[in-house]
Amino acid sequence: MRIVVTGMGVVSPLGVGVEHFWSRVCDGANGVRRITRFDTQGFACQVAAEVPSIEEDPYGFDPDQSLEPRAQKRMDRFIQFAIAATDEAFEQAGWVPKSDHEKERSGIIIGTGVGGFPAMTAATRLLDEKGPRRLSPFLVPSFLANLASGQISIRHGLKGPSGAPVTACAASLQAIGDAVRLMKNGEADVMVAGGAEACIDPVSVAGFSAAKAMSTQNNETPEFASRPFDQARDGFVIGEGAGVLVLETEEHALARGATPLAYVSGYGTTSDAFHVTAGSPDGEGGLRAMRRALAGAGLTASDIGYVNAHSTSTQVGDSSELAALNTLFDERGKDLAVSSSKSMFGHLLGAAGAVEAICCVKALTSGLLPPSRNLMDPDPLLTKFEFIPGKAIARKVDHVLTNGFGFGGVNASAVFSRA
């Protein structure tokens, strides 16, 4: 059984809508700026990749397009993002389950690393300042991690399997992998899969900064802060957004006349069992995930034409992934292209894998491979490959691999193939 992608939707720091997003990705655009959500005085890191509003950007986020004002107040921002991305993905897929059977055979898995963190921190402040009676009865459903899936299920009548991986920065890639497994196991014909994140908040920024994980050297030049694989990298840039894919069994998609965009041909997930925040220096856990994804796809390393790396712009994480890539693709050279989309729109945490999966599908369908920004002094371990600085390059590939690694030692890898 083969699983195909038939629809995609995105909310990102580079804008809303897949085509606008992809155009800006190919141009190597910058989605990082100084934080506007709160006063950053005293914060070590003062930059983030915020989703622009419709007032700031003609392709910015407008919650009014998806939700009434009353509904918006009852949902944290990550849920709003997920709903908007899903609406776009369903529109492209042309799928609206109508009969009871269709609804029962359609499911949803939306991952998130943190869930409604701003709603939780705001409620804590309100509780401390004004007491428990001021909390809303809608507070808990506004921040629960599974409520992105829950709200979308209600909105579109999806009565099949439901899930919400919270495996840190691997969450949405695991959501895609879990969805594929459910369909191959015969439990669904259609699955909505992806991730959403919106936790640019004083507590999260301060917490990641305390862990020495975030960039602090480019507060005055935010456009240079996210620099995966560059030797001057000094930490990741937190971002927000959502990516959603409509996945179907090929049989179901073709029977209803849908156009497959790509195959999800392989998936693998592993654990490092090494450290809470750092992977093994040799990238052994990520390497096993990539090998499992290739085995599931029935491919070898020589079949992959492009890798969308997890690379977040931390010294340790980038080095670990590079070690794994050099082991797996030891015999390859400039015929393998490698880049990191996070250089343009930061690290979307639990939403990163799904948004980057959209980049992979667009690479397959457009014949353009996305670039890396700020790659001025590449890590020597990268330079054996085609590392695509600045702008996209035209190159037709048949299979691409993407990675998502997270705190706790969780690793996920997926292979997408030309339809």
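Read on for a plain summary of the structure. (Residues numbered from 1 in each chain as written. Predicted model: local features only at pLDDT ≥ 70, side-chain atom pairs only at ≥ 80, totals over all residues. Heavy atoms only, no water.)

### Concerning the overall build of the protein
- If you tally the helices and strands in the protein, you get 14 helices and 15 strands.
- In terms of overall dimensions, the protein is globule-like: its C-alpha atoms have a radius of gyration of 20 Å, near the 22 Å expected for 419 residues.
- C-alpha extents for the protein along the principal axes are approximately 65 × 55 × 40 Å.
- Contacts in the protein between residues at least 24 apart in sequence constitute 78% of all its contacts with a sequence separation of at least 6.
- Accessible surface, the protein as shown: approximately 15,700 Å² in total, 52% of it carbon and sulfur.
- With 37 positive and 46 negative side-chain charges, the protein shows a spacing of 2 Å between the two charge centroids. (Helix = DSSP H or I, 4+ residues; strand = E, 2+ residues; numbered from the N terminus. Rg over C-alpha atoms; globule rule 2.2 N^0.38 Å. Contact = heavy atoms within 4.5 Å. Areas by Shrake-Rupley, 256 points an atom, 1.4 Å probe, with all protein chains shown as cover. Lys, Arg positive; Asp, Glu negative; His and termini not counted. Charge placed at Lys NZ, Arg CZ, Asp CG, Glu CD.)

### Description of the packing of helix α1 (residues 18-26) against helix α14 (residues 352-366)
- Between α1 and α14, the least distance of the axes is 11 Å, while the angle of their chain directions is 80 degrees. Comparing the axis directions of α1 and α14 gives the class roughly perpendicular. Counted together, Val 18, Glu 19, Phe 21 and Trp 22 of α1 and Val 355, Ile 358, Cys 359, Lys 362, Ala 363 and Ser 366 of α14 form the full contact between these two elements.
- Tallied by class, residues from the contact of α1 with α14 come to seven nonpolar, one polar and two charged. (Axes fitted to C-alpha atoms, helices over the stretch in contact; angles between N-to-C directions. Parallel < 35°, antiparallel > 145°, perpendicular 65-115°, else oblique. Nonpolar A, V, L, I, M, F, W, Y, C, P; charged D, E, K, R; others polar.)

### Comments concerning the pattern of salt bridges
- Under the definition given, this model contains 19 salt bridges.
- Put simply, Asp 57 and Arg 24 hold a salt bridge, and the shortest N to O gap is 2.7 Å. Separated by 33 residues along the polypeptide, Asp 57 in the loop between β4 (47-48) and α2 (69-73) and Arg 24 in helix α1 bring together distant segments of the chain.
- Residue class for Asp 57 comes out buried when judged on its relative accessible area of 11%.
- For Arg 37, the salt bridge is made with Glu 240, and the minimal N-O distance between the two is 2.5 Å. On the criterion of sequence distance, the pair formed by Arg 37 in the loop between β3 (33-34) and β4 and Glu 240 in the loop between α9 (202-210) and β8 (241-249) is long-range, its members being 203 residues apart. (Salt bridge = Lys/Arg side-chain N within 4 Å of Asp/Glu carboxyl O. Buried < 20%, exposed > 50% of the residue type's maximum accessible area, 1.4 Å probe, protein only.)

### As for the environment of Ser 271
- Residue placement: Ser 271 occurs in strand β9 (residues 262-271).
- Taking C-alpha positions, Ser 271 is 21 Å from Glu 356, a pair spaced 85 residues apart along the chain.
- Not counting residues within four places of it along the chain, the set of residues in contact with Ser 271 comprises Arg 288, Gly 409 and Asn 411.

### Focus on the state of the cysteines
- Inspection of every chain in the model, using the stated rule, returns zero disulfides.
- Free cysteine Cys 359: the closest other cysteine sulfur is in Cys 360, separated by 6.9 Å. (Disulfide = S-S within 2.5 Å.)

### Observations concerning the packing of helix α3 (residues 77-93) against helix α7 (residues 147-156)
- Contact pair α3 / α7: the axes reach a minimum separation of 9 Å and the direction vectors enclose 45 degrees. Put simply, α3 runs oblique to α7. When the axes of α3 and α7 are compared, the crossing they make is right-handed. Where α3 abuts α7, its residues Phe 78, Ile 79, Ala 82, Ile 83, Thr 86, Asp 87 and Phe 90 lie against Leu 147, Ala 148, Gln 151, Ile 152, Arg 155 and His 156.
- Per-class residue counts for the contact of α3 with α7 are eight nonpolar, three polar and two charged. (Left-handed = near helix turned anticlockwise from the far one by under 90°.)

### Some words on α3
- In this model α3 runs 24 Å from its N-terminal to its C-terminal C-alpha over 17 residues, within 8% of the 24 Å that 1.5 Å per residue would give.
- Among the residues of α3, those classed as buried are Phe 78, Ile 79, Gln 80, Phe 81, Ala 82, Ile 83, Ala 84, Ala 85, Thr 86, Ala 89, Phe 90 and Ala 93.
- Two residues or fewer after α3 comes Gly 94, characterised by a positive phi angle close to 70 degrees. (Expected span 1.5 Å × (residues − 1).)

### A few points about the pairing of β8
- Within β8, nine of the nine residues are buried, leaving the element largely enclosed by the surrounding structure.
- Burial along β8 is two-sided: Gly 241, Gly 243, Leu 245, Leu 247 and Thr 249 and Ala 242, Val 244, Val 246 and Glu 248, pointing in opposite directions, are all buried.
- Of the strand pairs in this sheet, strand β1 (residues 3-12) and β8 are connected by eight bridges, and their pairing is antiparallel. Note on β8: the bridge partner recorded for Val 4 is Glu 248. (Pairing = 2+ DSSP bridges.)

### Points about the packing of aromatic side chains
- All chains considered together, the criterion is met by five aromatic pairs.
- Aromatic rings pair up to connect Phe 208, Phe 236 and Phe 407 into one cluster.
- Above the face of the Phe 138 ring, Arg 74 is positioned so that its terminal group lies 3.8 Å from the ring centre. (Phe/Tyr/Trp six-rings, centres within 6.5 Å; stacked < 30°, edge-to-face > 60°. Lys NZ or Arg CZ within 6 Å of the ring centre and 35° of its normal.)

### Considerations on unusual backbone geometry
- One non-glycine residue with positive phi stands out, namely Ala 168, at about 50 degrees.
- Along the chain, Ala 168 falls in the loop between β6 (162-163) and α8 (171-184).
- Exposure remark for Ala 168: the relative accessible area of 17% places this residue in the buried category.
- Located in the positive-phi region is Ser 313, a residue other than glycine, with phi close to 100 degrees.

### A look at the environment of Lys 159
- Looking at the element boundaries, Lys 159 is found in the loop between α7 and β6.
- Sequence separation between Lys 159 and Gly 266 is 107 residues, and the spatial gap between their C-alpha atoms is 26 Å.
- Beyond its immediate chain neighbours, meaning those up to four positions away, Lys 159 contacts Lys 103, Glu 104 and Ser 106.

### Brief notes about α1
- When we look at burial in α1, the residues that qualify are Val 18, Phe 21, Trp 22, Val 25 and Cys 26. Across the axial projection of α1, the buried residues extend over an arc of 130 degrees, all falling on one side.
- Looking at the buried residues of α1, the elements they touch are β1, β2 (15-16), α3, α13 (342-345), α14 and β12 (368-369).
- Positive backbone phi, approximately 70 degrees, marks Gly 28, located one or two places after α1. (Arc of directions from axis to C-beta.)

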